[in-house]
Amino acid sequence: MIKRVCVYCASSDFSDKIYLDAAYKLGEILAEASITIVYGGGSAGLMGMLANGALSKGGKVIGIIPQFMYELEWGHEGLTELQIVNNMNERKELMMMNTDAAIALPGGSGTLEELFETITLKRLGVYLSPIIFVNIKNYFDPCIQLLDNAIEEKFMDQRNKQMWKVVDDPDNVLNAIKNSPAWTEDARHFATLKKDKA
Ligand code: AMP
């Protein structure tokens, strides 16, 4: 049962409309499936569209925003709940906590950083839920290629390729979550590629 997911996505209002529309649609889809969304709490860009899409369908949306961003009035005022935290690290931890999946829509360094931390924690067997790239307009292709290359060049184990799924449309997100292979704490035993000790 998928009850709660976190979504990482852009704060930019100026990206191609295709990305903004995808964020709104993902919000609608998650709300219609009665799934609670946890996200960065912003009102701008894909973040605002995601929240508004979900709220338009009566969804539950929890924003987690650092105090300084709240003071800059970057927070979305119409959410089910807006939690104000001390800093970016606290926010990331709370966003991820108890979620049944982490979903990444396109975004800038903030989105990529959140996504990569989640991938790293999954690799270490700390975060165990599915991770989904919503690869609108093939935005994530270079990022996925880099991860594949990290595996190819033996910086990561082949089994780490199981950690994420890539879909090209928000419509396919729920299926991708359901079809993601199970992941356990045992992943930490192949998190680093080490030579056997003599
Ligand atoms: P970016 O993809 O670089 O725009 O960063 C988006 C991510 O970083 C979001 O998932 C947020 O957690 C955080 N973030 C960056 N800018 C903002 C903002 N203006 N308001 C709220 N959160 C932001």
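Residues numbered from 1 in each chain as written. Predicted model: local features only at pLDDT ≥ 70, side-chain atom pairs only at ≥ 80, totals over all residues. Heavy atoms only, no water.

Two quantities define a packed helix pair, namely the angle between the axes and the distance from one axis to the other. At a minimum axis distance of 7 Å, the contact between helix H1 (residues 17-32) and helix H2 (residues 45-56) shows a crossing angle of 35°. Between H1 and H2 the crossing geometry is right-handed. On H2, the residues touching Tyr-19, Leu-20, Ala-23, Tyr-24, Leu-26, Gly-27, Glu-28 and Ala-31 of H1 are Gly-45, Leu-46, Met-49, Leu-50, Asn-52, Gly-53, Ala-54 and Ser-56. (Axes fitted to C-alpha atoms, helices over the stretch in contact; angles between N-to-C directions. Helix = DSSP H or I, 4+ residues; strand = E, 2+ residues; numbered from the N terminus. Left-handed = near helix turned anticlockwise from the far one by under 90°. Contact = heavy atoms within 4.5 Å.)

Turning our eyes to something else, we now look at H2. Taking 1.5 Å per residue, twelve residues should reach 16 Å; H2 reaches 17 Å between its end C-alpha atoms and fits that length. Those residues of H2 that sit buried are Gly-45, Leu-46, Met-47, Gly-48, Leu-50, Ala-51, Gly-53 and Ala-54. Considering only its buried residues, H2 is in contact with strand S1 (4-8), H1, strand S2 (36-39) and strand S3 (61-66). Looking one or two residues beyond H2, the residue adopting positive phi is Gly-58, at roughly 75°. (Expected span 1.5 Å × (residues − 1). Buried < 20%, exposed > 50% of the residue type's maximum accessible area, 1.4 Å probe, protein only.)

Turning next to the pattern of salt bridges. Within this structure, the stated rule accounts for nine salt bridges. Lys-25 serves as the salt-bridge partner of Asp-169, at 2.9 Å between the closest nitrogen and oxygen. A residue pair is termed long-range when its members are at least 10 positions apart, and Asp-169 in the loop between strand S7 (164-167) and helix H7 (173-178) and Lys-25 in helix H1 qualify at 144 residues. Residue classification places Asp-169 among the partly exposed residues on the basis of a relative accessible area of 24%. When the shortest N-O distance is used, the salt bridge between Glu-117 and Lys-92 registers 2.6 Å. (Salt bridge = Lys/Arg side-chain N within 4 Å of Asp/Glu carboxyl O.)

Take the environment of Leu-121 next. Structurally, Leu-121 can be placed in helix H5 (residues 109-123). In sequence terms Leu-121 and Met-95 are 26 residues apart; their C-alpha atoms lie 13 Å from each other. The residues touching Leu-121, leaving out its near neighbours within four places in the chain, are Met-96, Val-126 and Tyr-127.

Moving on to the site of the ligand. The ligand sits among 15 residues. The nearest are Ser-11, Arg-91, Gly-108, Thr-111 and Glu-114. Note that an oxygen atom of the ligand is positioned 2.8 Å from one of the side-chain N or O atoms of Arg-91. Between the ligand and Glu-114 there is a distance of 2.5 Å, counted from an oxygen atom to a side-chain nitrogen or oxygen. Coverage of the ligand by the protein chains reaches 88% of its 480 Å² of free accessible surface. Looking at the shell around the ligand element by element, the count peaks at four residues for H5. Here the residues of the shell around the ligand sort into five nonpolar, eight polar and two charged. (Near = heavy atom within 4 Å. Polar contact = N/O pair within 3.5 Å; in protein donor to acceptor, adjacent residues only side chain to side chain. Areas by Shrake-Rupley, 256 points an atom, 1.4 Å probe, with all protein chains shown as cover. Nonpolar A, V, L, I, M, F, W, Y, C, P; charged D, E, K, R; others polar.)

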